[in-house]
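Secondary and tertiary structure notes
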Amino acid sequence: MRHLRRYRPAARRYSLTTVRYDRGVPNRIHRSARVEDRLDMLIARVLRRRGWRPRVLPYTSYGTDGWVRVLARVLLTPPGTRRQDIETGRGWRRFFSAPVSGVAVTVIVGGRVHEVHSARGGYLDTRVPAVLPPGWTTIRLSAEGSPVAKAAARVVGPKSRLGLVCDVDDTIMITALPRPLLAFWNTFVRRETHRRPVPGMADFLHRTLAGDGFIAYLSTGPWNVAPALESFRSRQGLPAGPFLLTDWGPTTEGWFRSGREHKRSELRRLLADLPQLQWVLVGDDGQHDPELYEELAAAAPERVKAIAIRQLTPAEQVLTHGTPEPLTDRPSAPSREPCPAPVLRAPDGRGLLAEFRQGGLLG
């Protein structure tokens, strides 16, 4: 692929075609993505005529020496809408939003002003240069005169050594996500205050991080529920860190995006973005976490310190797999070489903490 070019139509119209010049043959993006983009543009046009204006919903992000990754989404909202009106409310309402692409967003961080543009789906995921001391900082974002939105960003210093990636569903909160009906209920209907935390996970994560470590929560859940997950994290006393989520809509390659590939790409990006860190990977045995984590450890053995797997209960195994037999009793990949990083398993955070103590893996 020699280069990438986007057609730029007239003002207020956005390109639906990405042309890749590979041996002179252009490839259009998937039909489902083009349909979704056209619907978004039509809805945005109608709502703008009714007085709706863009508003930025920021997400917690991270950075290191010289740059910060900015995560946010631009939505059309009616006049008088408050930020809490977008973030709160029963789950299903968060999925009926009006994202808008191509909107100029002003980003202020570290005393510097940057202008970026929202991508398809209204999402903003970009790096901006910034020279900041290690610790937490504030990013300010606004679009077309909208109220300034503030987001926290964790700046990882060059002397930091430990990073932690933690899955969400069935690792820090009990959801039994693979069961379709229960997943629908948990995501669209049930309030986050009714969700149950996995016992002992907050203490385990805090003690593993030893105060100065960096943590990111990685999930296949949609960005629509990011504010609810942040509320759950804060209420349960879990360490503060960014949530790296995905979008359930069509992609430029197909009707649905791959949750496994989302996790794989984000894991690799974290290792590339923060090369000074050695990582502890925390997940559960209900989905693909053990395989993905062992795959990463095999590819970069010097970067993965340990893998912690929460074992689902027999009842949770029935919900997620339809079998009461613990999957961890079976080898995850018989043909593979042994994992170069220690893999510790326990049914909850207290058990994992005991395993880490016994293995001498605490900071």
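Computed from a predicted model, the values in this text were never measured in an experiment.

Looking only at helices and strands, one finds nine helices and 17 strands in the protein. Residues classed as buried in the protein amount to 49% of the 363 residues present. In the protein, once contacts between residues fewer than 6 apart in sequence are set aside, the share between residues at least 24 apart is 68%. Summed over all atoms, the accessible surface of the protein reaches about 18,200 Å², with 53% contributed by carbon and sulfur.

Here we have six strands laid out as an open sheet, ordered S14-S13-S10-S15-S16-S17, and parallel in their pairing. Each end of this open sheet is capped by a strand with a single partner; those strands are strand S14 (243-246) and strand S17 (343-346). Strand-to-strand twist of the sheet, defined as the mean angle between neighbouring strand axes without regard to direction, takes the value 20°. Summarising the sheet, strand S13 (residues 214-222) and S14 pair through three bridges and their orientation is parallel. Bridged to Pro 222 within S14 is Thr 246. Against the sheet, helix H5 (residues 226-235) engages S13 and S14, with an angle of about 150° to S14.

With that settled, the discussion passes to the pattern of salt bridges. Within this structure, the stated rule accounts for twelve salt bridges. The partner of Glu 266 in a salt bridge is Arg 69, and the shortest N-O contact between them spans 3.3 Å. With a gap of 197 residues between them, Glu 266 in helix H6 (residues 259-273) and Arg 69 in strand S4 (residues 66-77) connect regions that are remote in the sequence. Here Glu 266 and Arg 69 have matching classes, each one buried. Its salt-bridge partner being Arg 264, residue Glu 261 comes within 2.8 Å of it at the nearest N-O pair.

Quick look at helix H7 (residues 289-299) now. Because each turn of an α-helix spans 3.6 residues, side chains separated by three or four positions end up pointing in the same direction. For H7, the set of buried residues is Asp 289, Pro 290, Leu 292, Tyr 293, Glu 294, Leu 296 and Ala 297. Taken together, the buried residues of H7 touch strand S10 (162-167), H6, strand S15 (278-284), strand S16 (304-310) and S17.

Two elements in contact, helix H4 (residues 201-209) and helix H9 (residues 349-358), have axes whose closest approach is 7 Å; the angle formed by their N-to-C orientations is 30°. Classed by the angle they form, the pair H4 and H9 counts as roughly parallel. As for the relative orientation of H4 and H9, their crossing is left-handed in sense. On H9, the residues that touch Met 201, Asp 203, Phe 204, Arg 207 and Thr 208 of H4 are Gly 349, Leu 352, Leu 353, Phe 356 and Arg 357.

On to a nonpolar patch on the surface. Taken together, Leu 39, Leu 42 and Ile 43 make up a surface patch of nonpolar side chains, about 280 Å² in accessible area. Considering the arrangement of structural elements, one finds Leu 39 in helix H1 (residues 31-49).

A word on the nonpolar core. Ranked by internal contacts, the top residues of the largest apolar core, which has 60 residues, are Phe 204, Leu 205, Phe 214, Tyr 217, Trp 279, Leu 281 and Val 282. Aside from chain neighbours lying at most four places away, what touches Tyr 217 is Cys 166, Val 168, Ile 172, Leu 205, Arg 233, Leu 238, Pro 239, Gly 241, Pro 242, Phe 243 and Leu 244. Counting 23 residues, the second largest nonpolar core, distinct from the first, contains Val 56, Val 68, Leu 76 and Val 103.

Bringing the packing of H6 against H7 into the picture now. Across the interface, H6 lies against H7 with an axial gap of 11 Å and an inter-helix angle of 35°. With respect to the hand of their crossing, H6 and H7 are arranged in right-handed fashion. Taking contact as the criterion, the partners of Arg 260, Lys 263, Arg 264, Leu 267, Arg 268 and Leu 271 in H6 are, on H7, Asp 289, Leu 292, Tyr 293, Glu 295 and Leu 296. Along the lines of polarity and charge, the residues of the contact of H6 with H7 split into five nonpolar, no polar and six charged.

About the criteria used
- Residues numbered from 1 in each chain as written.
- Predicted model: local features only at pLDDT ≥ 70, side-chain atom pairs only at ≥ 80, totals over all residues.
- Heavy atoms only, no water.
- Helix = DSSP H or I, 4+ residues; strand = E, 2+ residues; numbered from the N terminus.
- Buried < 20%, exposed > 50% of the residue type's maximum accessible area, 1.4 Å probe, protein only.
- Contact = heavy atoms within 4.5 Å.
- Areas by Shrake-Rupley, 256 points an atom, 1.4 Å probe, with all protein chains shown as cover.
- Pairing = 2+ DSSP bridges.
- Axes fitted to C-alpha atoms, helices over the stretch in contact; angles between N-to-C directions.
- Salt bridge = Lys/Arg side-chain N within 4 Å of Asp/Glu carboxyl O.
- Parallel < 35°, antiparallel > 145°, perpendicular 65-115°, else oblique.
- Left-handed = near helix turned anticlockwise from the far one by under 90°.
- Patch = residues over 30% accessible without salt bridge, like charges linked within 9 Å, V, L, I, M, F, W, Y side chains within 5 Å.
- Core = buried A, V, L, I, M, F, W, Y, C linked by side-chain atoms within 4.5 Å.
- Nonpolar A, V, L, I, M, F, W, Y, C, P; charged D, E, K, R; others polar.

These values are about where atoms sit, not about what they do.
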